[in-house]
Amino acid sequence: MRAAKKDRYTYMTETPVPKLILQLAVPTIISMLVTGIYNTADTYFVGRIPEHATQATAAVGTVFPLMAVIQALGFMFGHGSGNFLSRMLGAGKKKEASEMASSGFIMALITGVVLAIVGNIFMGPIADFLISGDDVTAETVRMTSDYARIILIGAPFMMCQFVINNQLRFQGSAMYAMVGLIFGAIINIGLDPLLILYFDLGVKGAAYATIFGQITSFIVLLIGSFKGENIRLSLDNVRLNRYYFGQVINGGIPSLFRQGLAAVATTLLNHAAGKYGGVAAIAGMSIVTRIMMLQMSALIGFGQGYQPVCSFNYGAKKKERVREGFWFCVKWGTIVLFALGVLCIVFAPQVVELFRDDPDVVAVGKVALVFQAAVLPLNAFSIMTNMMLQSIGRGFKASVTSSARNGICFIPAIILLPYFFGLKGVEMTQMVADIMTLGITIPFAISELKKME
């Protein structure tokens, strides 16, 4: 056992940084893209419903904030426990790492069950809050409620699979983490056309496909956590005390802000789109949100490949490797996002039409996509800064940087820009928020990197 622990320590602290990040990032990028596919697949197939396609697309889009909240809580417990256990493994403290793994899992399970019960009890007010607009019909509201109720039932499985996935990743077992999510994605994508179109279940079919995929991922990941050198989950190691909860909050609250504020931002975006452009504008902005989310998922996956390298080596006092990994990720993240941004700008109408061929929907979506794609490369520096701060335990700074894109910068923009520019202001809001976010993250990154020199 001692030799096995030494092998993992040597692998994480002596493998050349670019090689190590790529080995951990490729499975993680795939994992994050798969997470995006859970949402994007539903949007794609409900857009093929013979009747009420635009309403169905709008309904799925308006429930996205609710799914983002579930994911945010799952990432909070997963990143919070994963960051801590990775630093403990780097410092040679296996007992603390094992206790955190089991405790973080149980915290997520309890929270997921509570969210599922409370959410279904108060579904009426939740649906009214999620969707608005002058031409919103009773059919759209009904679809929103149907989709949301089923998604909430799967909340415990969704949150727990995010926890196990991230804990495996922070231990350096990114391949196990990837395999679990891929199994779920296959189920999700396979069931979507079958349930939505063949069995004519509409948005309910989309929701069932999603939660069946999440349950599959959960089971596969749970099995993977008992393989190899990975820490085993055990009720005997659960410690629901102030210390471990505090460590989860410190390491995970930036993820909660990043994902949770995405839910707030999307809700505000949908409200503004509905006010200034109706259901077609909600559908168009929802499609663009999914498209950009998929690309941001790849970037976040790249950053999450860096996170275990960052936290493990920071715990092992090898700070020069932390710095090297940061600049490597910023450089290649910017290059790849620039290429993706150019493609989105050139083929904006065609990309939106893949999801919905309604001319009114495309008219809104193509403009918003061009605006957001133009500043897409800026996100590489912002996201990597947040990943680094979170991984080295800088909870406050990480929380500020994770809150900037969808909160500190976005919320004022979505309130002010549509007021002055109408629908055009809605379409340009995320672009303005991304530019402002970069201005916030630069000083935080430089100050911490200087401390590591």
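Residues numbered from 1 in each chain as written. Predicted model: local features only at pLDDT ≥ 70, side-chain atom pairs only at ≥ 80, totals over all residues. Heavy atoms only, no water.

### A few points about the pattern of salt bridges
Point 1. This model, assessed by the stated rule, comprises nine salt bridges.
Point 2. Connected through salt bridges with shared partners, the residues R394, K397, E448 and K451 form a single ionic network. (Salt bridge = Lys/Arg side-chain N within 4 Å of Asp/Glu carboxyl O.)

### Observations regarding the packing of helix α3 (residues 53-90) against helix α4 (residues 94-121)
Point 1. Interaxial distance between α3 and α4 falls to 8 Å at its minimum, and their mutual angle equals 175°. When the axes of α3 and α4 are compared, the pair comes out roughly antiparallel. Where α3 abuts α4, its residues I70, L73, F77, S81, F84, L85, M88 and L89 lie against K94, E96, A97, M100, A101, G104, M107, A108, T111 and L115. (Axes fitted to C-alpha atoms, helices over the stretch in contact; angles between N-to-C directions. Helix = DSSP H or I, 4+ residues; strand = E, 2+ residues; numbered from the N terminus. Parallel < 35°, antiparallel > 145°, perpendicular 65-115°, else oblique. Contact = heavy atoms within 4.5 Å.)

### Here's the deal with the confidence of the model for the protein
Point 1. Averaged over the protein, the pLDDT score is 88; the fraction of residues at 70 or greater is 97%.
Point 2. Of all secondary-structure elements in the protein, the lowest mean pLDDT belongs to helix α1 (residues 2-14), at 68, while α4 reaches the highest, 95.
Point 3. Note on residues 1-6: pLDDT under 50 across the span, and three contacts to partners over four residues away in sequence or across chains. (pLDDT = per-residue confidence, 0-100.)

### Overview of the packing of aromatic side chains
Point 1. Considering all chains together, one arrives at 16 aromatic pairs under this definition.
Point 2. Taking 6.3 Å as the distance between ring centres and 80° as the angle between the ring planes, the aromatic pair formed by Y44 and F355 counts as edge-to-face. Separated by 311 residues along the polypeptide, Y44 in helix α2 (residues 17-46) and F355 in the loop between α12 (348-353) and α13 (359-374) bring together distant segments of the chain.
Point 3. The exposure class of Y44 is partly exposed, given its relative accessible area of 32%.
Point 4. You can call F355 buried: its relative accessible area is 10%.
Point 5. Arranged with centres 5.8 Å apart and planes meeting at 80°, the rings of F326 and F381 form a pair that is edge-to-face. Taken together, the residues F326 in helix α11 (residues 319-346) and F381 in helix α14 (residues 379-391) connect sequence positions 55 residues apart. The exposure classification of F326 matches that of F381, with both residues buried.
Point 6. Among the aromatic residues, those joined into a ring-pair cluster are Y44, F45 and F355.
Point 7. The positively charged end of R48 is found above the aromatic ring belonging to Y44, 4.1 Å away from the centroid. (Phe/Tyr/Trp six-rings, centres within 6.5 Å; stacked < 30°, edge-to-face > 60°. Buried < 20%, exposed > 50% of the residue type's maximum accessible area, 1.4 Å probe, protein only. Lys NZ or Arg CZ within 6 Å of the ring centre and 35° of its normal.)

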